[in-house]
Amino acid sequence: MISHSTLKKLTSPLIVFSIFVFLYLPIIVLIVYSFNSRSFPAPWKTFTFEWYIALFAHGTLWISFFNSFIVAFASTFLCFFMSMCMLFFLFIGGKIEKQLSLFYLNLVIPEAVLAVGLLAYFSLLHIPLGIVTVIFSHVVIGLGFIVPALYARFVQIDPRLTEASYVLGASSLQTFNKVIFPLLKPVLLSTSLMIFMISFDDFILSYFCAGTSFQTLSLFLANSLRNGISPVVNALATILIIATGCVTSFIFISSRKHKTRVFAHD
Amino acid sequence: MMEQEVVLSPGSSAPALPRFSGVQRFLKLEFLSALGLLPFIWQSLFFFIPMLLLFSMSFIDNSSGTLRFTISHFTQLFSTTYLSIILNSVGLSLLTTLITLCIAFPFSFISIFHFSKYKNIISLFLLIPFWTNFILHIYAWFFVLEKNGFLNQVLMHFGFITEPLAFLNNFFSIMVMMIYYYLPFMILPIYSTLERFDSSIFEASMDLGANRFQTLLKVVIPLCIGGIRTGIFLVFIPSFAEFLIPELMGGDKYFFMGNVISLYMFEEKTLGTAVAFTTLSLAVVLMIVYFIQKGLVLFTRRLTRGVRT
């Protein structure tokens, strides 16, 4: 019989452990079945790589994959470019406090509602649905992340740093390049990566704004799910999960490193 | 490059502004202010105008070729079918929020105070499912809940059941999927709020004579109410308009707000009804968000009543 005190000691690890089991069990089962030589409803047979080989021969899947990649890259780039413009504007003394309140509503409006609004808007303006409309909608979401984050970090910058840079003879451009930009690089990098991942994984906005001829990876996955389970998707899922794990660890480690460096600097 | 026209501003904390001369200054500043406002122009063009359009379109009837004001889109929604769908959606998202909160708060609390050594690794492993494509999560749960899936096989192996149970295509599978998908959205804000506090605050509270329960109510919850609020909004708002999970896990039996919107948008092609229904759902969301916000403020005030800060 387990005594009362050991039981008490065991409860907290058990709770944490069971939550992680809940979070990771389906992912592990999914990965295991990508190596099964027989398609899913059948039990485990033998180990195989054939689904991975089939994955690389799958045409429509790769088209949708690259579509997603292009959409994510373009929307990240647009967000990055616009926020850099805003940053330079702030640097030369522009004020955006009032305009910033434009972004407050992004948090409380469900994505599906925005998607319906955008779809109605695009059809009113006769903009053909496709890659452009998907990118435009993703940029709206991305800006909602990058603009407030960048502004919050910019305000924290000690004004004496820029002053010191001028005193030491740097021009405005040099000050921007060597002082302001390096200080904001971590937040720019992590939010850009975040926007890339949000855009790459987005389903709702793409579903409404993509039209009939354009397909992103999420739309492809949702369609294939409606048609049932295919081990090729398991192989893709395994690769995507590993890639997501790598990118997440990278963002995580870089953001932690940055935090310690800032404290040491201050 | 070395034009030294530096103005130091002694005693003021305003940043020293870069100096440009004459025409150069005018060109740069005017041009850059226009470019610098690009994010806000984009936000207005692709967020506010569509939202206003959504709102106005739900009151406009253009079936006869001319635009006229109407509330017919709304009146046709006031039937028991639609009202029950709205109530179901509210119930589903509130239930998801409540269950994820009940799991997330103890989890974050325990993992911060008992496993603070592994803080980094725990947050990393929470972030990975958070960032994985959410359709893959649904896909993964099929393998667990299917008739020959993992759960049935485990239960049969240990002799709990003799016949495989139908876990899929019912309310149970919808709920499991909703909780699974939204749990990281609830945990992460609460976890990162708690992470910031030094555990000595709680020791101090215990030293000053509060018991565990009082410490929890008067110190821990008021301190991390910000994280709890963010978590509630991050779960409640998107789960309200969720339509892929009920569609794929519920097997066409369950209709929620998101499903109705997508049905009217793509199957029925009745834009007016879809838009009116979306406006209505948005109104319901905003109303509930407002009440949650008010309720949380009152709740914290009541908890910290008599506590001097």
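Residues numbered from 1 in each chain as written. Chains lettered and ligands numbered in written order. Predicted model: local features only at pLDDT ≥ 70, side-chain atom pairs only at ≥ 80, totals over all residues.

So, on to the confidence of the model for chain B. Residues and elements named next belong to chain B. Looking at chain B, pLDDT values average 83 and 88% of them are 70 or higher. Counting contacts from residues 1–14, a segment whose pLDDT is below 50, to residues more than four positions away or on other chains yields 15 contacts. Here the predicted complex scores 0.86 on pTM and 0.86 on ipTM. (pLDDT = per-residue confidence, 0-100. Contact = placed C-beta atoms within 7 Å.)

Now for the environment of Phe65 of chain A. Mapped onto the fold, Phe65 of chain A is located in helix H3 (residues 59–91). Considering only alpha carbons, one finds Phe65 of chain A and Phe89 of chain A, 24 residues apart in sequence, at a separation of 36 Å. (Helix = DSSP H or I, 4+ residues; strand = E, 2+ residues; numbered from the N terminus.)

In summary, soluble globular proteins display a tendency toward joint burial of nonpolar side chains. If you look at the biggest cluster of nonpolar residues, it comprises 134 residues, and the most contacted ones within it are Ala115 and Val116 of chain A together with Tyr139 and Met177 of chain B. If one sorts the elements of this core by residue count, helix H8 (residues 171–195) of chain B sits on top with 14 residues. Sequence-distant contacts of Val116 of chain A, that is, excluding residues within four places in its chain, are made with Phe208 of chain A together with Leu54, Ile261, Met265, Ala274, Val275 and Thr278 of chain B. (Core = buried A, V, L, I, M, F, W, Y, C linked by C-beta atoms within 7 Å. Buried ≥ 20, exposed ≤ 12 C-beta atoms within 10 Å, placed from the backbone.)

Attention now goes to the interface of chain A and chain B. With 74 residues of chain A at the interface, the matching set in chain B holds 81 residues. Every element with two or more residues in the side of chain A that touches chain B is listed here: helix H1 (4–33), H3, helix H5 (111–124), helix H6 (131–156), helix H7 (159–167), helix H8 (172–201), helix H10 (217–226) and helix H11 (231–265) of chain A. Per-element accounting of the side of chain A that touches chain B gives the leading share, twelve residues, to H1 of chain A. Considering only residue class, the side of chain A that touches chain B consists of 54 nonpolar, 16 polar and four charged. (Nonpolar A, V, L, I, M, F, W, Y, C, P; charged D, E, K, R; others polar.)

Let us look at unusual backbone geometry. You will see that His126 of chain A, though not glycine, has its phi angle at about 60 degrees, which is positive. Tracing the backbone through its elements, the reader meets His126 of chain A in the loop between H5 and H6. The phi dihedral of Asn169 of chain B falls on the positive side, at around 55 degrees, and the residue is not glycine. Asn169 of chain B sits in the partly exposed class, given 16 other C-beta atoms within 10 Å.

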